[in-house]
Amino acid sequence: MDQNQIDDIARRIASAAAQFAPDYRPTPAQKADASAVLHGMLRAIEIYGVTFAHFDAVADFPRMAIQLVQHRDTQA
């Protein structure tokens, strides 16, 4: 994964975070964790030839990564 892909993840997470209502926006730490989750997912599946384009065709994975981290934080 190169720097352009990492920058793309950061842009996608920031864009998804901006879609949340003010009371539900992720914290900076949650955005960082969501970026790390998304990065890890992409690294794990790249051996199968899956890209962001494939993710985009199925679901909003950046938003889901944020929701996953937020849910984790409510369970702590």
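So, a few notes on the structure that sits alongside this text.

Thresholds applied
Residues numbered from 1 in each chain as written. Predicted model: local features only at pLDDT ≥ 70, side-chain atom pairs only at ≥ 80, totals over all residues. Heavy atoms only, no water. Helix = DSSP H or I, 4+ residues; strand = E, 2+ residues; numbered from the N terminus. Contact = heavy atoms within 4.5 Å. Core = buried A, V, L, I, M, F, W, Y, C linked by side-chain atoms within 4.5 Å. Buried < 20%, exposed > 50% of the residue type's maximum accessible area, 1.4 Å probe, protein only.

This part is about the environment of F52. Following the sequence through the fold, F52 ends up in helix 3 (residues 52-58). Sequence spacing of F52 and L42 is 10 residues, and the spatial spacing of their C-alpha atoms is 7.8 Å. What F52 contacts, discounting residues up to four positions off in sequence, is D8, I9, R12, L38 and L42.

What follows concerns the nonpolar core. Ranked by size, the top nonpolar core spans 14 residues in total, and within it I9, I13, A34, L38, F52, F55 and I66 carry the most contacts. In this structure F55 touches L38, M41, L42, I45, V50 and F61, once residues within four positions along its chain are discounted.

Taken by themselves, the reported measurements are silent on function.
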